[in-house]
Amino acid sequence: ESHRNEYIDTGILAVSGVNVEVTYSINDLSNAGIFGARVSGFRFWNIVYSNYFEVGLGGDNAISTLLPTIGNRYVHKLETNSNGWTAYYDGEVILSGRDVATSTSVGGNIWLFKINAVSGSTYAGALKMYSAKLWQDNVLVRHLLPIKNSTTNEYALYDIVNKVIYHNEGTGAFTGE
């Protein structure tokens, strides 16, 4: 669980051909970055605001009519390919666009709990993450689940694909149940 200071760098570049699926709940409704990267007007992100969700890819932005609710569990997926992108919220297509991110347009790794903003706002989130999956060209490259080190009591995300622990890269500390 993050509190606006913590984030995970997935090590995956935000480009076309990368798909992201996150299962999470929101702890507050103050412009929370769920995942993403951004350079100026080019974006690859999913953000929650007080009264809507926003998905952006390349130069496109789209706003959902769904109203976010604190404590609800959401499954959001962003699929990309050379033809554009599609956003799924809880299994239903809600948004899509034509523009796609390229390695030169975004130029940053996808972060969880916060937007990796080379320029612009970071939208640090207060979220509880249940899982995060990332695919590159339809191959699962990250499947992150929350874990707790029983010796240090530190919370992190464990990648069951590569058997690697991803620790907080920000300040503060993740918490959990």
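A short tour of the structure in this document, coming up. For clarity, every value in this text was computed on a predicted model and none was experimentally measured. (Residues numbered from 1 in each chain as written. Predicted model: local features only at pLDDT ≥ 70, side-chain atom pairs only at ≥ 80, totals over all residues. Heavy atoms only, no water.)

1. Considering the overall build of the protein chain
- A count of helices and strands for the protein chain gives zero helices and 15 strands.
- Out of the 177 residues belonging to the protein chain, those deemed buried represent 50%.
- Total accessible area on the protein chain stands at roughly 7800 Å², and carbon and sulfur atoms take up 47% of it. (Helix = DSSP H or I, 4+ residues; strand = E, 2+ residues; numbered from the N terminus. Buried < 20%, exposed > 50% of the residue type's maximum accessible area, 1.4 Å probe, protein only. Areas by Shrake-Rupley, 256 points an atom, 1.4 Å probe, with all protein chains shown as cover.)

2. A closer look at the environment of asparagine 27
- Mapping asparagine 27 onto the fold places it in the loop between strand 2 (18-26) and strand 3 (32-39).
- In this structure asparagine 27 comes out as partly exposed when scored by relative accessible area, which is 28%.
- For the pair asparagine 27 and glycine 71, spaced 44 residues apart in the sequence, the C-alpha separation amounts to 6.4 Å.
- Leave out the neighbours within four places in its chain, and asparagine 27 touches Glu1, Ser2, Ile70, Ala126, Leu127 and Lys128.
- Among the polar contacts made by the side chain of asparagine 27, one reaches the side chain of glutamate 1 at a distance of 2.9 Å. (Contact = heavy atoms within 4.5 Å. Polar contact = N/O pair within 3.5 Å; in protein donor to acceptor, adjacent residues only side chain to side chain.)

3. Some details on the sheet that holds strand 9 (residues 92-97)
- The sheet built from eight strands is open, its strands ordered 9-8-7-2-12-13-14-15 with antiparallel pairing. The outermost strands of the open sheet, each flanked by one partner alone, are strand 9 and strand 15 (164-166). Neighbouring strand axes in the sheet, compared pairwise and without regard to direction, differ in orientation by 20 degrees on average.
- In this structure, strand 7 (residues 73-81) lies alongside strand 8 (residues 84-89), joined through six bridges in antiparallel fashion. Pairing of asparagine 81 across the sheet is with glycine 84, part of strand 8. (Pairing = 2+ DSSP bridges. Axes fitted to C-alpha atoms, helices over the stretch in contact; angles between N-to-C directions.)

4. Observations concerning the side chain of glutamate 54
- Relative to the helices and strands, glutamate 54 is located in strand 5 (residues 53-58).
- With near-sequence residues (within four places) excluded, glutamate 54 lies in contact with Trp45, Asn46, Ile47, Tyr49, Asn61, Ala62, Ile63 and Tyr89.

5. Concerning the environment of arginine 98
- Note on placement: arginine 98 falls in the loop between strand 9 and strand 10 (109-112).
- Relative accessible area serves as the criterion here: at 69%, arginine 98 is assigned to the exposed category.

6. Let's talk about unusual backbone geometry
- The phi dihedral of aspartate 137 falls on the positive side, at around 50 degrees, and the residue is not glycine.
- Looking at where aspartate 137 falls in the secondary structure, it is placed in the loop between strand 12 (127-136) and strand 13 (139-148).
- Even without being glycine, lysine 163 reaches a positive phi, approximately 60 degrees.
- Position of lysine 163 relative to the elements: it lies in the loop between strand 14 (155-159) and strand 15.

7. Some remarks on the nonpolar core
- One finds Val22, Tyr24, Phe35, Phe44, Ile110 and Leu112 to be the most contacted residues of the largest nonpolar core, which totals 38 residues.
- With five residues, strand 2 is the single largest residue contributor to this core.
- Ignoring sequence-local partners within four residues, the contact set of tyrosine 24 consists of Ile34, Phe53, Asn72, Arg73, Tyr74, His76, Leu127, Lys128, Met129 and Tyr130. (Core = buried A, V, L, I, M, F, W, Y, C linked by side-chain atoms within 4.5 Å.)

8. Concerning a nonpolar patch on the surface
- On the surface, Leu140, Ile160 and Val161 cluster together to form a nonpolar patch covering roughly 190 Å² of accessible area.
- Tracing the sequence through the fold places valine 161 in the loop between strand 14 and strand 15. (Patch = residues over 30% accessible without salt bridge, like charges linked within 9 Å, V, L, I, M, F, W, Y side chains within 5 Å. Salt bridge = Lys/Arg side-chain N within 4 Å of Asp/Glu carboxyl O.)

9. Considering the packing of aromatic side chains
- The full count for this structure, using the stated rule, is seven aromatic pairs.
- Ring geometry for tyrosine 24 and tyrosine 74: centres 5.8 Å apart, planes at 35 degrees, overall tilted. A residue pair is termed long-range when its members are at least 10 positions apart, and tyrosine 24 in strand 2 and tyrosine 74 in strand 7 qualify at 50 residues. For the pair shown, tyrosine 24 and tyrosine 74 are each scored as buried.
- With a centroid separation of 5.3 Å and 85 degrees between ring planes, the pair formed by phenylalanine 53 and tyrosine 89 is classed as edge-to-face. Placement of phenylalanine 53 in strand 5 and of tyrosine 89 in strand 8 is noted, with a sequence separation of 36 residues between them. Pair check on accessibility: phenylalanine 53 and tyrosine 89 agree, each one buried.
- Pairwise contacts between aromatic rings join Tyr24, Phe53, Tyr74 and Tyr89 into one cluster.
- When the ring centre of tyrosine 130 is taken as reference, the NZ or CZ atom of arginine 73 above it lies at 3.5 Å.
- Over the ring of tryptophan 135 we find lysine 77, and its NZ or CZ is 4.5 Å from the ring centre. (Phe/Tyr/Trp six-rings, centres within 6.5 Å; stacked < 30°, edge-to-face > 60°. Lys NZ or Arg CZ within 6 Å of the ring centre and 35° of its normal.)

Keep in mind that these numbers describe shape and distance, not what the molecule does.
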